[in-house]
Amino acid sequence: MTPPDAALLEAVRRGDAKALETLLERHAPAVHRFARTLCRHPEDAEEVLQETLLAAARNLDRFREEASVSTWLFTIARRACMRLARRRAGEPEHFAPLDDAPLAAASDDPQAHAERDEARRRLYAALHALSPSHREVILLRDIEERPAAEVAAILGIEVGAVKSRLHRARARLRAILRADASLPPPSPDGGCFEVEEALSRMVEGDLPKPACDRLSAHVDACPRCKARCDTLGAILSACHDLAAEPTPPSVRRVVTDTARRALVELAAPSAPNPRGDE
């Protein structure tokens, strides 16, 4: 059985090089996914990954274990993406988020692979069309499936604000994907107005049972809202699937190189001081 993060941290502090590499390797895929989608330029993902892992390795003695390692790493990665965005300010935007994504195995059905690839491209394009605040909450909650409390800690906001932002982000993502373009217009009495947020709240487990029952009855009777419910489920399922994609080989190389560099720096008497904001 792989040791938990706490045991690996203790081993690293005793100078165990293998424990450091194991710890970084465990969290690197999620950090890379996060950076590849959050950063406006997907080619920045490896730079953010390396900066994040190196900052973490340099600061292990300052890590407060009441927080999780993933919370800490996502927080560092988010700051790194923000720094890169400021540095690139004024440059034209160009997105190619799937260029470095691994292809399906050769034995996969070509048509099925093409459909999955197209679905991922559409989802990534829609994610990049979201505002940064909406994109990051979708990334953390629906793709990485981090608890709302952890997302709040990473973003520096209250749990309630996370959930409100998440509901708006899901609705915006669905609108961008235009999955309901062929649906009939909403009912003239406006009865469907808040169904989308209610569906999102139900997914989060925040809708009281009586409200859930009323929502279910409405969805069963309203073709438009039934389609909205199905679409939301499909979008969330697609987001979850992104986290199951194979990790690019380049991520493993970054982990190995970063662990080696960090160990050399930490062993040196004149090791550079880490960034104050990490």
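What you see as residue numbers is a count from 1 along each chain, following the sequence as written. Whole-chain, interface and lining totals are the exception, using all residues; otherwise, since this is a predicted model, local features are given only for residues with pLDDT of at least 70 and side-chain atom pairs are given and counted only at 80 or more. For the side-chain quantities, the full set of heavy atoms in the structure was used; hydrogens and water were omitted.

### Description of the nonpolar core
The biggest cluster of nonpolar side chains holds 61 residues, and the ones touching the most others in it are Leu20, Val48, Leu127, Val137, Ile138 and Leu173. The greatest single-element share of this core, amounting to 10 residues, is contributed by helix α2 (residues 17-38). Contacts are assigned to residue pairs that have any heavy atoms within 4.5 Å of one another. Sequence-distant contacts of Val137, defined by excluding residues within four places in its chain, comprise Asp142, Val151, Leu155, Val162, Arg165, Leu166 and Ala169. In these notes, a set of buried Ala, Val, Leu, Ile, Met, Phe, Trp, Tyr and Cys residues joined through side-chain atoms within 4.5 Å is what counts as a nonpolar core. Think of it in three bands: with a 1.4 Å probe and only protein chains considered, a residue is buried below 20% of the maximum accessible area for its type, exposed above 50%, and partly exposed in between. Leu199, Leu207, Ala211 and Val219 belong to the second-largest nonpolar core, a separate cluster that totals 12 residues. The way it works is that DSSP assigns letters per residue, a run of H or I at least four long becomes a helix, a run of E at least two long becomes a strand, and they are numbered from the N terminus.

### Overview of the pattern of salt bridges
For side chains bearing opposite charge, pairing can occur when the charged atoms are close. The working definition used for a salt bridge is a side-chain nitrogen of Lys or Arg within 4 Å of a carboxyl oxygen of Asp or Glu. Tallied over the full model, the rule gives 19 salt bridges. The partner of Glu25 in a salt bridge is Arg252, with the nearest N and O atoms 3.3 Å apart. Of this pair, Glu25 sits in helix α2 while Arg252 sits in helix α12 (residues 249-267), and the two are 227 residues apart along the sequence. For Arg83, the salt bridge is made with Glu51, and the minimal N-O distance between the two is 2.2 Å. Of this pair, Arg83 sits in helix α4 (residues 69-87) while Glu51 sits in helix α3 (residues 45-58), placing them 32 residues apart in sequence. When salt bridges that share partners are traced, they join Arg141, Asp142, Arg170 and Glu204 into one network.

### So, the environment of Arg253
Turning to its location among the elements, Arg253 is positioned in helix α12. Considered as a pair, Arg253 and Glu25 are 228 residues apart in the sequence and their alpha carbons are 9.9 Å apart.

### Quick word on the environment of Arg83
Residue classification places Arg83 among the buried residues on the basis of a relative accessible area of 17%. Along the sequence, Arg83 and Val48 sit 35 residues apart, while their C-alpha atoms lie 9.7 Å from each other. Here a polar contact means two N or O atoms within 3.5 Å. Within protein one must be a hydrogen donor candidate and the other an acceptor candidate, and residues neighboring in sequence count only if both atoms are side-chain atoms. At 2.2 Å, the side chain of Arg83 and the side chain of Glu51 are in polar contact.

### Describing the state of the cysteines
A pair of sulfur atoms, both from cysteines and within 2.5 Å, is called a disulfide here. Overall, the coordinates contain one disulfide when judged by the stated rule. Here Cys39 pairs with Cys81 through a disulfide, and the sulfurs are 2.4 Å apart. On the S-S bond that ties Cys39 to Cys81, the torsion sits near -85 degrees, and the link is left-handed. Highlighted residues: Cys39 in the loop between α2 and α3 and Cys81 in helix α4, separated in sequence by 42 residues. Here Cys39 matches Cys81 in class, with each residue buried.

### A closer look at the packing of helix α10 (residues 209-221) against helix α11 (residues 223-242)
The relative placement of two packed helices is expressed as an angle between their axes plus a distance between the axes. Here an angle of 0 to 180 degrees is reported between the N-to-C directions of two axes, which are lines fitted to C-alpha atoms, with helices fitted over the stretch in contact. It is at 5 Å that the axes of α10 and α11 come closest, and there the two elements cross at 110 degrees. Considering their axes alone, α10 and α11 lie roughly perpendicular with respect to each other. Taking contact as the criterion, the partners of His218, Val219 and Ala221 in α10 are, on α11, Pro223, Cys225, Lys226 and Cys229. Under the convention adopted here, Pro, Cys and the residues Ala, Val, Leu, Ile, Met, Phe, Trp and Tyr are nonpolar, Asp, Glu, Lys and Arg are charged, and Gly plus all remaining residues are polar. Across the contact of α10 with α11, the residue classes break down as five nonpolar, one polar and one charged. Roughly parallel here means an angle under 35 degrees, roughly antiparallel means over 145, roughly perpendicular means 65 to 115, and every remaining angle is called oblique.

### Some remarks on α2
A rise of 1.5 Å per residue sets the reference length of α2, with its 22 residues, at 32 Å; its end C-alpha atoms lie 30 Å apart and thus fit the reference within 8%. Here the bend at a residue is taken as the angle between two axes, fitted respectively to the seven residues that end there and the seven that start there. Of all bends in α2, the biggest is about 40 degrees, found at Ala28, and the proline Pro29 comes one to four residues later. Counting buried residues along α2, 16 of its 22 residues qualify, which places the element largely inside the surrounding structure. Structurally, the start of α2 carries an N-cap: the backbone nitrogen of Lys18 is 3.0 Å from a side-chain oxygen of Asp16. Each helix should span, by expectation, one fewer than its residue count multiplied by 1.5 Å.

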